[in-house]
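# Structural overview
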Amino acid sequence: MNSAANPPHLVRTGALAAALKVLQRDLRLAVRRPSQLLQPLAFFAVVSLLFPLGYTPELDKLRAIAPGVLWVGALLASMLALDSLFREDAADGTLEQFLICGQPLVGLVAAKTLAHWLLTGLPLTLMAPLLGIALGVPVAAMPGILSSLALGSVTLSLIGAVGAGLTLGVRRGGVLLSLLTLPLAVPVLVFGARATELAIAGESLTGPLYLLAALAVLGATLAPLAAAAAVRIGVE
Amino acid sequence: MPELSVKNLLVFRGERHLFRGLALAVPAQRCLQITGVNGAGKTTLLRVLAGLLEPEHLELRWRERAISPRDAGYHGELAYLGHDAALKADLTGLENIRFAVGLRSTLGPAALAAAIARVGAQKFADRLVRTLSAGQKRRIALASLLLSGSSLWLLDEPATNLDAAGQALIGELIGEQLARGGTVIAATHQDLGLAATARIALELGSGT
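A brief look at the structure comes next.

## Digging into the overall build of chain B
The helix and strand inventory of chain B stands at six helices and nine strands. When the backbone C-alpha atoms are referred to their principal axes, chain B occupies close to 45 × 35 × 30 Å. When each of the 208 residues of chain B is scored for burial, the buried share is 55%. Sequence separation of at least 24 residues holds for 68% of the intrachain contacts in chain B that already meet a minimum separation of 6.

## Considering the layout of surface pockets
All names here are of chain A. If you add up the space inside the largest pocket, you get close to 440 Å³. Around the largest pocket sit 21 residues that line it, and Gln36, Ala81, Ser84, Leu85 and Leu119 are the ones nearest its centre. Put simply, the parts of the chain that give the lining of the largest pocket at least two residues each are α2 (15–32), α3 (34–54), α5 (84–91) and α7 (105–134). It is α7 that provides the largest number of residues to the lining of the largest pocket, a total of five residues. A per-class count over the lining of the largest pocket returns nine nonpolar, five polar and seven charged. In this structure, the second largest pocket spans a volume of roughly 340 Å³.

## A look at the packing of helix α8 (residues 142–166) of chain A against helix α10 (residues 206–235) of chain A
Residue and element names in this part refer to chain A. Where α8 contacts α10, the axes come no closer than 8 Å and their chain directions differ by 20°. Comparing their axes, α10 and α8 come out roughly parallel. Our pair here, α8 against α10, has a crossing hand that is left-handed. Class assignment of the residues belonging to the contact of α8 with α10 gives a composition of 18 nonpolar, six polar and no charged.

## Notes on the pattern of salt bridges
Enumeration over the complete set of coordinates arrives at 22 salt bridges over all chains. Lys112(A) is the salt-bridge partner of Asp26(A), the closest N and O atoms lying 2.8 Å from each other. Taken as a pair, Asp26(A) in helix α2 and Lys112(A) in helix α7 lie far apart in primary sequence, 86 residues in all. Accessibility classification places Asp26(A) together with Lys112(A) in one group, the buried group. A salt bridge links Asp60(A) to Arg63(A), with the nearest nitrogen and oxygen atoms 3.0 Å apart. With Asp60(A) and Arg63(A) both in helix α4 (residues 59–80) and three residues apart, this pair spans about one turn of that helix. Classification of Arg63(A) by relative accessible area gives partly exposed; the value is 29%. If you follow the salt bridges from partner to partner, you end up with Arg25(A), Asp26(A), Asp89(A), Asp92(A), Lys112(A) and Lys88(B) in one network.

Calculation rules
- Residues numbered from 1 in each chain as written.
- Chains lettered and ligands numbered in written order.
- Predicted model: local features only at pLDDT ≥ 70, side-chain atom pairs only at ≥ 80, totals over all residues.
- Heavy atoms only, no water.
- Helix = DSSP H or I, 4+ residues; strand = E, 2+ residues; numbered from the N terminus.
- Buried < 20%, exposed > 50% of the residue type's maximum accessible area, 1.4 Å probe, protein only.
- Contact = heavy atoms within 4.5 Å.
- 1 Å grid on protein atoms, 1.4 Å probe; cavity = no way out; pocket = protein on both sides within 12 Å on 5 of 7 lines; lining within 4 Å.
- Points joined across faces, edges and corners; volume = space filled by probe spheres on them.
- Nonpolar A, V, L, I, M, F, W, Y, C, P; charged D, E, K, R; others polar.
- Axes fitted to C-alpha atoms, helices over the stretch in contact; angles between N-to-C directions.
- Parallel < 35°, antiparallel > 145°, perpendicular 65-115°, else oblique.
- Left-handed = near helix turned anticlockwise from the far one by under 90°.
- Salt bridge = Lys/Arg side-chain N within 4 Å of Asp/Glu carboxyl O.

Rendered as structure tokens:
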């Protein structure tokens, strides 16, 4: 009986190693399907670049609305990829295997969320300065924009993971997902846009930056637990 | 001494009882073969035993120890092969197996090659799963099952989409699992070709 339970080749994978495998697999899948990676970026670029065309080409006026444009654009773009966060894995039975592989589900869900941030939040953050230039943002403000978006997008991915888990059982849950997550994303939007505004004005943005960091820490501690619980219910 | 025993299983589906006081016991080295008409609850029973579906009530004992079906130690010894084989279309068969098995335990190249050969997947294991036929995908999933090293197999219609040789393979794999000291619960109408002493039949929808 024990020979079946513990064959010689069987060495159990640690929880962290299992989470890393999930992260690695999600990144590999994204590389094989680059269109999913590029869609949010293209959306963000198009939305931001429509403002100089639709509003005014005057850089002074654009600079005044740049924080709002960049943050709303980044928020909506990061929502685009959220719906597929758990849906595919639910459809092909992978989530079921996550539940019964003997590893803590929280770690696997956190790894998937990290992959989502690396594939959407991080590229969006890196692209924001380029779009900022088109909106008349001075180069001196770029470090502030990068740091605030990096922190804010982490929180957006974490909130999104909870929403994506909760809407797993809903067919075509995309709209419901937006309704669930957008209100929760308001604090991130407020402090993020404020930080960007201060950065453009050349003032100190430590205040809103600390608040964004606090939100990210709060999200990182609570959201994976909530998302794992939501996924567990969603798979039933 | 049963390896796995279930008592007083109570499951509601919608308004009606699907199971009311179902009890079963499976000793080690035995295969419980579940049959029953469509909708009798074969898949539901397997999902409850795998801890994927919360029953209203269940007394589950694994190796003489009362456990919850969501016990991590129990999950570590259990493999579930459902209708969806958890294969990613954009990964190759080998990548899928390495991921599925790697979540549970470390996998050596020799063991991997042996399992691929055992399920007859040498020719297509390195192709993207999206290019494989349904039966070939099943064989990849069977390789993951073999490599999981689990002592309890829960199989839901394992022979779906398989050719005649593949269906015979299922029976052989189950036989080998029993010979290793493992336990199998399979929902299938197919003749598994097991010795009469190794097989326990359970027909659902008949007074359970």
